[in-house]
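Next come the chains, spelled out residue by residue.
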Amino acid sequence: MRNPKPKEWVAKDYSHDYIADYKPFNFVDGEGVRCSIYVSGCLFACEGCFNKAVQNFKYGKPYTKELEDRIIKDLSQSYVQGLTLLGGEPFLNTKVCLQLVRRIRQEFGHTKDIWSWSGYTFEELLLDTEDKKKLLGELDVLVDGRFELSKRNLNLQFRGSSNQRILDVPESLAQNKAIFWTRCTDAQESYEQIAKNKLI
């Protein structure tokens, strides 16, 4: 796992504006029904990364206006709660991500929420480049921090290791400190424990 200094990794130096995948109408990448876009490229190289192929900045295919239009159409469905940015690393693909989230705000205002996963912490993003801070400012919820295999915990909601946090971004920015998302519901038991208890 790599730990960059502030402004060490600049998105325009790495991103090729490639998209690894787009998954509409899913239930796993945040709260409610969501449309999820997976950008290509990540430098954190976390041990145990579940999506190693997407660390390559040229994995997948280029982002297009056609894909953007499809995402907007999918988000217009009344049952869709919002968009999720994943990867790869969204904050190393700020050109694509900012273009998309700004259009979402233009089309839907704040009636659709925007989530993102990032290897960066909230505190690191506050000290980084302007494009990263602008993208952060468009989010409603951030799941932050590197995945740490030694802290892996399957009981956690929407994250893989106990160091990662689910943050309320507008409130965090208003208070200039990390504020936890209040609707987090981590499990007290693992799936294995639940299954075992049902059999007893």
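Described in the following lines is the structure provided in the data block. Bear in mind the structure is a predicted one, so any value in this text is a computation, not a measurement.

1. Regarding the overall build of the chain
Part 1 of the reasoning: When you go through the chain residue by residue, the secondary structure sums to 7 helices and 7 strands.
Part 2 of the reasoning: Ordered by position in the sequence, the α and β elements of the chain form the string α-β-β-β-α-β-α-β-α-α-β-β-α-α.
Part 3 of the reasoning: Expected size for 200 residues packed as a compact globule is a radius of gyration near 16 Å; at 17 Å, the chain falls within 12% of this value.
Part 4 of the reasoning: The buried share among the 200 residues of the chain stands at 48%.
Part 5 of the reasoning: For the chain, long-range pairs separated by at least 24 residues make up 69% of all intrachain contacts whose partners lie at least 6 apart in sequence.
Part 6 of the reasoning: Of the roughly 10,600 Å² of accessible surface on the chain, 51% is carried by carbon and sulfur atoms.
Part 7 of the reasoning: In the chain, which carries 29 positive and 28 negative side-chain charges, the distance between the mean positions of the two groups comes to 2 Å.

2. Quick look at the side chain of Asp140
Part 1 of the reasoning: Topologically, Asp140 is positioned in the loop between helix 5 (130-138) and strand 6 (141-144).
Part 2 of the reasoning: Only 2.8 Å separates the side chain of Asp140 from the backbone nitrogen of Ile114, close enough to count as a polar contact.
Part 3 of the reasoning: Apart from residues lying up to four places away in sequence, Asp140 is in contact with Arg105, His110, Lys112, Asp113, Ile114, Leu167, Asp168, Val169 and Pro170.

3. Some words on the packing of helix 2 (residues 65-75) against helix 3 (residues 94-108)
Part 1 of the reasoning: Contact geometry for helix 2 and helix 3: axes closest at 11 Å, N-to-C directions at 40°. Our classification of the angle between helix 2 and helix 3 gives oblique. Seen along the crossing, helix 2 lies across helix 3 with a hand that is right-handed. Residues Lys65, Glu68, Asp69, Ile71, Ile72 and Leu75 of helix 2 touch helix 3, and the partners they reach there are Gln99, Leu100, Arg103, Ile104, Glu107 and Phe108.

4. Re unusual backbone geometry
Part 1 of the reasoning: Of note, the amide linkage connecting Gly87 to Gly88 takes the cis form, showing an omega dihedral of 10°.
Part 2 of the reasoning: Following the sequence through the fold, Gly88 ends up in the loop between strand 4 (80-86) and helix 3.
Part 3 of the reasoning: The phi dihedral of Ala45 is positive, around 50°, even though this residue is not glycine.
Part 4 of the reasoning: Structurally, Ala45 is set in the loop between strand 2 (33-39) and strand 3 (61-62).

5. Some details on the packing of helix 3 against helix 5
Part 1 of the reasoning: At a closest axis distance of 10 Å, the pairing of helix 3 and helix 5 adopts a crossing angle of 30°. Crossing handedness for the pair helix 3 and helix 5: left-handed. Contact residues: helix 3 offers Thr94, Cys97, Leu98, Val101, Arg102 and Arg105, while helix 5 offers Asp131, Lys132, Lys134, Leu135 and Glu138.
Part 2 of the reasoning: Residues of the contact of helix 3 with helix 5, tallied by class, amount to 4 nonpolar, 1 polar and 6 charged.

6. Brief notes about the packing of aromatic side chains
Part 1 of the reasoning: In this structure the tally under the stated criterion is 9 aromatic pairs.
Part 2 of the reasoning: Between Phe158 and Trp181, the aromatic rings sit 6.3 Å apart at their centres with planes inclined by 55°, giving tilted as the arrangement. Of the two residues, Phe158 sits in the loop between strand 6 and strand 7 (165-168) while Trp181 sits in the loop between helix 6 (169-175) and helix 7 (191-199), which places them 23 residues apart along the sequence. By the burial criterion, Phe158 is buried, and Trp181 matches it.

Each value, and the rule that gives it
For every chain, the first residue of the written sequence is number 1, and numbering continues from 1 along that sequence. Totals for whole chains, interfaces and linings use all residues, but because this is a predicted model, local features are given only for residues with pLDDT of at least 70 and pairs of side-chain atoms are given and counted only at 80 or more. Side-chain numbers come from the whole structure's heavy atoms, not from hydrogens or water. Only DSSP runs of H or I covering at least 4 residues are called helices, and only runs of E covering at least 2 are called strands; the numbering of each starts at the N terminus. For the radius of gyration, the atom set is restricted to C-alpha positions; the globular benchmark scales as 2.2 Å times the number of residues to the power 0.38. The buried label applies to any residue whose accessible area, calculated with a 1.4 Å probe on protein chains only, is under 20% of its type's maximum; exposed applies above 50%, and partly exposed to all values in between. Any pair of residues with heavy atoms lying within 4.5 Å of one another is described as a contacting pair. Note that accessible areas follow from Shrake-Rupley with a 1.4 Å probe, and for residues the cover is restricted to the protein chains shown. Counted as positive: Lys and Arg. Counted as negative: Asp and Glu. His and the chain ends are not counted at all. The atoms used to mark charge sites are NZ of Lys, CZ of Arg, CG of Asp and CD of Glu. By the criterion applied in these results, polar contacts are pairs of N or O atoms within 3.5 Å in which, for protein atoms, one can donate a hydrogen and the other can accept it, and in which residues neighboring in sequence qualify only through two side-chain atoms. With axes taken as lines fitted to C-alpha atoms, and helix axes fitted only over the stretch in contact, angles between N-to-C directions fall between 0 and 180 degrees. Relative orientations are named as follows: roughly parallel for angles under 35 degrees, roughly antiparallel for angles over 145 degrees, roughly perpendicular for angles from 65 to 115 degrees, and oblique for any other angle. Crossing handedness is read from the near helix: turned anticlockwise from the far helix by less than a right angle, it gives a left-handed crossing, and turned clockwise, a right-handed one. Residues are grouped as follows: Ala, Val, Leu, Ile, Met, Phe, Trp, Tyr, Cys and Pro are nonpolar; Asp, Glu, Lys and Arg are charged; every other residue, Gly included, is polar. Working definition: rings of Phe, Tyr and Trp (its six-membered ring) pair if their centres are within 6.5 Å, and the pair is stacked with planes under 30 degrees apart, edge-to-face with planes over 60 apart, and tilted otherwise.

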